[in-house]
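Chain by chain, the residues run as shown.
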Amino acid sequence: MTAGERGDAEQGASWVRQVRLVADAQDRAAFAELFRHFGPRVKGYLLRSGADGAMAEECMQEVMVTLWHKAHLFDPSRASVATWIFTIARNKRIDVIRRQRRPEPEELDWGPEAGPDQADILALQQDSARLGDALRQLPEKQRTLIEKAYFGDLSHSEIAAETGLPLGTIKSRIRLALEKLRHAMGS
Amino acid sequence: MRWVVDDMTREITHHLTDALLMGYAAGALPEAFDLVIATHLSLCDACRARAAGFEMLGGAVLDEAAGPVAPLADDSLEATLARIAEGPAAPAAAARRDPVLPVPLAEYVGGGVEAIRWRRVGMGVRQAILPTSREARARLLYIPAGAAMPDHGHTGTEITLVLQGAFQDDDGYYARGDVEVATEEVDHTPVADFGEDCICLAVTDAPLRFNALLPRLAQPFLRI
Ligand SMILES: [Zn+2]
Ligand SMILES: [Zn+2]
């Protein structure tokens with residue numbers, strides 16, 4: 001693991017502790033720390049996905065309210081805090097900006113286990129760190145396309161229109177980016 | 001919608017494509033596609049794990065320092081804490097588990113199989129259109145054991161997920177939980193297996209192209 005990945009994994013583990021403090025102790029300081037880091041990112045995401053300033057601020061606050069109330073449901077062996085917040089923000093965007101329902105898969109029945117395993121939590125945070133690092137290493141053009149696919153709410157053809165690139169190039173670039181990411185993740 | 005089509009390497013699988021899973025994770029697909037994907041993920045751990053990978057990528061993009069960061073309103077944190085003090089919203093009632101319809105689908109039907117409001121469309125086939133946004137259409141199909149669907153091609157993307165029984169076409173045999181992703185290049189006549197009546201969820205983002213005259217005439221009335 002590189003130093004950067006180790007730092008990211010530690011940061012990820014620290015976010016997990018903050019969410020736990022919110023869940024177990026309604027800790028406002030821990031919440032404020034999460035808010036200062038993720039609030040501006042969630043708002044930026046919503047702005048880029050077509051919300052105006054007032055709506056983006058409003059939805060961002062709702063996302064963070066959801067984080068507080070659902071903190072006890074967060075499972076760090078299945079998602080990083082960033083991923084969990086991303087899914088809450090994405091669903092808020094679909095609900096408020098696109099005005100659609102968001103069908104979600106059936107909850108998995110985890111059986112009698114008391115809670116997530118420490119080793120699973122660690123592995124998940126390390127995977128997230130490796131993925132973040134791999135994303136940073138991608139060539140600029142590929143990274144931009146991945147970001148647009150997630151942030152810009154753009155179809156391939158819209159991406160093509162925006163960048164002036166033919167469709168085939170876009171598709172192969174996204175596929176190439178995904179292959180590189182998969183390779184970096186060792187699968 | 002070109003998003004979902006991976007036409008450079010069209011492979012026959014019984015699972016969802018990367019493009020579909022990424023679109024689902026990104027929240028970029030029409031509601032009807034989200035519905036068939038959420039239903040397949042409820043039945044398929046392999047695709048659920050791949051979808052989680054694409055959500056992880058969304059988390060990484062969100063967390064990137066280079067990503068968009070917007071300044072918050074001055075009283076943002078205080079306003080949020082005040083809203084938290086109002087308490088959580090009432091949780092939505094969870095749908096009852098049904099042996100045929102996974103939870104996301106049961107929520108659209110408003111119950112189990114017995115709650116589906118079927119309409120006859122001829123030759124023993126029945127359908128029920130589900131309420132989604134208009135960009136794409138989701139419908140449940142009931143095909144009696146051994147019966148065929150009309151031969152048809154596609155002007156866009158069609159995703160068919162088997163919920164009960166099985167069907168067969170030129171591309172393969174599809175049983176409960178399997179999906180077939182058909183695109184413009186595919187012409188097929190799905191036939192239900194003899195063992196059991198087949199129930200499928202079929203989602204399309206463009207009208208089907210029927211090759212026989214009769215179904216083509218009926219198409220506007222059946223809204224398929
Ligand atoms: Zn699958
Ligand atoms: Zn078809």
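These numbers come from a predicted model, not from an experiment.

*Asks:* Explain the overall build of chain B here, please?
*Replies:* Regarding its fold elements, chain B presents six helices and 11 strands. Relative to all contacts within chain B whose residues are 6 or more apart in sequence, the contacts with residues 24 or more apart total 65%.

*Asks:* Just to check I follow, could you spell out the coordination of the zinc ion (ligand 1) for this structure?
*Replies:* Reference geometry at the metal: tetrahedral coordination by four donors gives ideal angles of 109.5 degrees; octahedral coordination by six donors gives 90 or 180 degrees. Residue and element names in this part refer to chain B. All of the protein donors around the zinc ion (ligand 1) are His 15 (ND1), His 40 (NE2), Cys 44 (SG) and Cys 47 (SG); their distances to the metal are 2.1 to 2.3 Å. Classification of the site at the zinc ion (ligand 1) rests on its four donor atoms, whose angles at the metal span 99 to 125°, yielding the label tetrahedral. Taken in sequence order, the residues that donate to the zinc ion (ligand 1) follow the motif H-x24-H-x3-C-x2-C. With relative accessibility at 1%, the residue His 40 sits in the buried group.

*Asks:* What should I look at first to understand the sheet that holds strand β10 (residues 198–204) of chain B in this one?
*Replies:* Hydrogen bonds between backbone groups are what pair the strands of a sheet, and the pairing can be parallel or antiparallel. Residue and element names in this part refer to chain B. The six strands lie next to each other as β1-β2-β3-β10-β5-β8, forming an open sheet whose pairing is antiparallel. Each edge of the sheet is formed by a strand with only one pairing partner; in this case those strands are β1 (119–122) and β8 (179–182). The mean inter-strand angle of the sheet, taken between neighbouring strand axes irrespective of direction, is 25°. With five bridges connecting them, strand β2 (residues 125–130) and strand β3 (residues 137–143) associate as antiparallel partners. When the sheet's bridge partners are listed, Gln 127 is paired in β3 with Leu 141. Docked against the sheet, helix α2 (residues 31–43) engages β2, β3, β5 (158–164), β8 and β10, running at close to 140° with respect to β10.

*Asks:* It is not clear to me how the domain arrangement of chain A should be interpreted in this structure. Could you clarify?
*Replies:* Much of the literature gives interface size as the accessible area that the parts lose upon coming together. All names here are of chain A. Along its sequence, chain A is carved into domain 1 (1–101 + 117–137) and domain 2 (139–187). With 13 residues of domain 1 at the interface, the matching set in domain 2 holds 12 residues. For the interface between domain 1 and domain 2, the tally reads zero salt bridges. Across the domain 1-domain 2 interface, the total number found is zero residue pairs in polar contact (both at pLDDT 80 or more). Those elements that provide at least two residues to the side of domain 1 that touches domain 2 are α2 (28–48), α4 (81–96) and α5 (118–137).

*Asks:* Teacher, can you tell me more about the interface of chain A and chain B here?
*Replies:* Every contact between the two is made by 67 residues of chain A and, on the other side, 61 residues of chain B. Carbon and sulfur atoms supply 61% of the area that chain A and chain B bury against each other, a total of about 5800 Å² over both sides. Our count for the contact surface shared by chain A and chain B stands at five salt bridges. Among the salt bridges present, the one from A:Glu58 reaches B:Arg83, with a minimum N-O distance of 3.0 Å. In this structure, the connection of chain A to chain B is made through 25 residue pairs in polar contact (both at pLDDT 80 or more).

*Asks:* Just checking my understanding: could you explain the environment of B:Glu114 for this structure?
*Replies:* All names here are of chain B. Structurally, Glu 114 is set in the loop between α5 (103–109) and β1. By relative accessible area, Glu 114 is classed as exposed at 60%. In sequence terms Glu 114 and Asp 187 are 73 residues apart; their C-alpha atoms lie 32 Å from each other. Dropping the residues within four chain positions of it, Glu 114 is found in contact with Arg 96 and Asp 98.

About the criteria used
Residues numbered from 1 in each chain as written. Chains lettered and ligands numbered in written order. Predicted model: local features only at pLDDT ≥ 70, side-chain atom pairs only at ≥ 80, totals over all residues. Heavy atoms only, no water. Helix = DSSP H or I, 4+ residues; strand = E, 2+ residues; numbered from the N terminus. Contact = heavy atoms within 4.5 Å. Donors = N, O, S within 2.8 Å, 3.2 Å for Na, K, Ca; no water. Tetrahedral: all angles 85-135°; square planar, octahedral: opposite > 155°, others 65-115°. Buried < 20%, exposed > 50% of the residue type's maximum accessible area, 1.4 Å probe, protein only. Pairing = 2+ DSSP bridges. Axes fitted to C-alpha atoms, helices over the stretch in contact; angles between N-to-C directions. Domains from an automatic or database assignment. Salt bridge = Lys/Arg side-chain N within 4 Å of Asp/Glu carboxyl O. Polar contact = N/O pair within 3.5 Å; in protein donor to acceptor, adjacent residues only side chain to side chain. Buried area = accessible area lost by both parts, 1.4 Å probe.

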